[in-house]
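Remarks on the overall topology
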Amino acid sequence: MSAQMLRVTEIEALSPLVKRFRFEHPHGAKLPLFSGGAHVVVEMPDGDMLRRNAYSLISDPQDGSGYEIAVRREDGGRGGSRFMHACVRQGDMLRISTPLNLFSLDMRARKHVLIAGGIGITPIIAQMQQLLRMQGRFEIHYAARSRREAAGLRLLPDLPHIHAHISDEGRRMDLGAILDRQPIGTHVYTCGPEGLIASVAQCTERLGWPKGSLHSEVFLAPPPGRAFEVTLARSGRTITVGPHQSLLEALEEAQVEIDWSCRGGACGRCETEVVSCHGRIEHHDHWLSEDEHSSQTRIMPCVSRFRGRELILNR
Amino acid sequence: MPATKFTPSITSRPVYDGLTPHGAVPALMLANGPGGEALLELIKTDPTIPGHAHVIYIPEGCGFGKTLESKGFASYFEAASYASVLPRFRKLLAEAGMNTRLYLAGTEGLIGQATSEALEAGMLPEAIDAEHRGSLARRMQCVHCKGITENVTTDPFTCSHCGLSLFVRDHYSHRHAAFQGVCVDAETPGEIPPRQEIKA
Ligand code: FES
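Residues numbered from 1 in each chain as written. Chains lettered and ligands numbered in written order. Predicted model: local features only at pLDDT ≥ 70, side-chain atom pairs only at ≥ 80, totals over all residues. Heavy atoms only, no water.

Per an unreviewed UniProt entry, chain A goes by Oxidoreductase and derives from Paracoccus methylarcula.

Here it is, written out as structure tokens:
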């Protein structure tokens, strides 16, 4: 994964829990352009631990003068977002990967309906800028618990086809009303918690939409958990994965060559064969099939963990 | 007339899987000639279909119109040609919702043109059912003048636009919904191989 050192040029609080970060090239060089829905992976050297988290870009995809992300502080998370909030200062240099898009707009669409829950608004902000530029037809539905927490409100322009559904103001998002009667050529994009994505899928199925019109991205950060051990079949070594470390990070720390891209269980690049498993793999990915999950023969080290006596990987 | 079977040898030629009933959902149906019979067979399998379906039928000398008209479709319209009914088809597509299915039945030329029209309107291929009925005639595009000649049954044939003698290629363009015709006597003007009937 190619990456470069970029300078943090702006930090702004968008809400009590969400901060916006802007990165620019230290000598002002132009950064590669991207498309709406793309993310970058930020490297966070935290003590002797190197964390890498993926964040959706919220800046204009056609603007190479900088990249911007919005990070929500997850106090129960592994510490990546806490690091961004507590340790990163304006002027710092961080290693940022080239943008990659696993959630791009479908150009066959005649209309785009973008649905976001909470911090899931981030990829949709860049998609919106792309749509505004190409004068595409779209509507945005953004659901948040309260106005105070709704960081996205600061990033969304005041347009009649952009709707905020704030639940503690009694305006819950009604998917049926949003999706019913959409014209052919509509594509729907959902980013947010898994429950929201599942509800959109159920609703469109009930309404008889073709499956190909659905697009989604779960924001999946590697969950923390108990420490566990894995054995690497090729070298015979056993390594320990810390409670706030992902298996992928532990493999990287042990200098094991492993490919990755999304670090969120969606792209399939880090897929690893399980040689033997005595215990239970805690699968958290969206890549492997249900059968592959239950057979415990493959694992996605970027998000999944293990509990049990012994796990041997073909690495 | 049964559904037309193709020899599977032409890889760029689309394969139509036939019409499958999708129940009481909003539908558009477009058929020409013997394709009318395919629509009748379809609704026989599921009598809830017609109440939600708008039908356009181009008889081209076939007598299925009367029966179709009596089946209680949401609307039924008969037209002389695809070209004359295109504005109506476009309007139906523009007014259709995301749950609309499209059923196409008839010649390859009709299916191809209507499919690209529906895709252009943003419909997804998975919402389209098609069944080829009737002649094996090909809709041909002249690669030289770009003109379209309909219902070509012989190889070579004469381009109805520029008059060149064209060889019928098996190369199908999805965008134009047509096979490609290439000048057959470009190197040896006037030397035209005997005409043969197209059999596939
Ligand atoms: S890195 Fe994408 S699935 Fe693991």
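After that view, the rundown keeps rolling.
1. Brief notes about the nonpolar core
Test applied: Side-chain atoms within 4.5 Å are what join buried Ala, Val, Leu, Ile, Met, Phe, Trp, Tyr and Cys residues into a set we call a nonpolar core. Each residue gets one of three labels from its accessible area relative to the maximum for its type: buried under 20%, exposed over 50%, partly exposed in between, using a 1.4 Å probe on protein chains only. Helical segments are the DSSP runs of H or I of at least four residues, strand segments are the runs of E of at least two, and each set is numbered from the N terminus. Contact criterion: two residues are considered in contact whenever any of their non-hydrogen atoms come within 4.5 Å of each other.
Counting 35 residues, the largest nonpolar core has Leu30(B), Tyr82(B), Phe89(B), Leu102(B), Leu104(B) and Met123(B) as the members making the most contacts within it. In terms of residue count, the dominant contributor to this core is helix 3 (residues 82–95) of chain B (six residues). Setting aside residues no more than four positions away along its own chain, Leu104(B) makes contact with Leu19(B), Leu30(B), Ile111(B), Ala114(B), Thr115(B), Ile128(B), Asp129(B), Ala130(B) and Glu131(B). One finds Ala70(A), Leu105(A), Ala116(A) and Ile119(A) within the second-largest nonpolar core, a separate group that totals 27 residues.

2. Quick word on the sheet that holds strand 4 (residues 101–106) of chain B
Residue and element names in this part refer to chain B. In plain terms, the rule: Pairs of strands are assigned from DSSP output, requiring at least two bridges between the strands. Each axis is a line fitted through C-alpha atoms, taken for helices only over the stretch in contact, and angles between the N-to-C directions span 0 to 180 degrees.
The strand order 3-2-1-4-5 describes an open sheet built from five strands, whose pairing is parallel. The sheet terminates laterally at strand 3 (75–78) and strand 5 (128–132), the two strands that pair on one side only. Neighbour-to-neighbour, the strand axes of this sheet turn through a mean angle of 10 degrees, independent of strand direction. Relative to strand 2 (residues 53–58), strand 1 (residues 27–32) runs parallel, the two being bridged by six bridges. When the sheet's bridge partners are listed, alanine 27 is paired in strand 2 with alanine 53. Across the sheet, helix 1 (residues 35–45) lies against strand 1, strand 2, strand 4 and strand 5, angled at about 140 degrees from strand 1, the strand it touches most.

3. Description of the domain arrangement of chain A
The accessible area lost on association of the parts is a frequent measure of interface size. Residue and element names in this part refer to chain A. Convention followed: Start and end positions for the domains come from either an automated domain assignment or a database one. As a working definition, buried area equals the accessible area (1.4 Å probe) given up by two parts on being put together, with both sides summed. A carboxyl oxygen of Asp or Glu within 4 Å of a side-chain nitrogen of Lys or Arg is what we treat as a salt bridge. In the analysis that follows, any N or O atom pair within 3.5 Å is treated as a polar contact, provided that within protein one partner can donate a hydrogen and the other can accept it, and provided that, for residues neighboring in sequence, both atoms belong to side chains.
Along its sequence, chain A is carved into domain 1 (3–101), domain 2 (111–217) and domain 3 (228–313). Summarising the inter-unit geometry, the C-alpha centres of domain 1 and domain 2 are found 24 Å apart. Of the residues lining the interface, 19 residues belong to domain 1; the matching set on domain 2 comes to 15 residues. Taken together, both faces of the contact between domain 1 and domain 2 bury some 1500 Å²; the carbon and sulfur share is 58%. At the surface where domain 1 touches domain 2, the tally comes to two salt bridges. Across the salt bridge formed by glutamate 12 and arginine 154, the nearest N and O atoms sit 2.6 Å from each other. For the interface between domain 1 and domain 2, the tally reads four residue pairs in polar contact (both at pLDDT 80 or more).

4. Concerning unusual backbone geometry
Here Asp155(B) and Pro156(B) are connected by a cis peptide whose omega angle stands at -5 degrees. Along the chain, the position of Pro156(B) falls in the loop between strand 8 (154–155) and strand 9 (157–158). Phi is positive for Arg263(A), close to 55 degrees, though the residue is something other than glycine. Following the sequence through the fold, Arg263(A) ends up in the loop between helix 5 (247–253) and strand 15 (272–282). Owing to a relative accessible area of 5%, Arg263(A) belongs among the buried residues under this scheme. At Gln296(A), a position not held by glycine, the phi torsion is positive, near 55 degrees. Inspection of the secondary structure assignment puts Gln296(A) in the loop between helix 6 (290–295) and strand 16 (298–299). Residue class for Gln296(A) comes out buried when judged on its relative accessible area of 19%.

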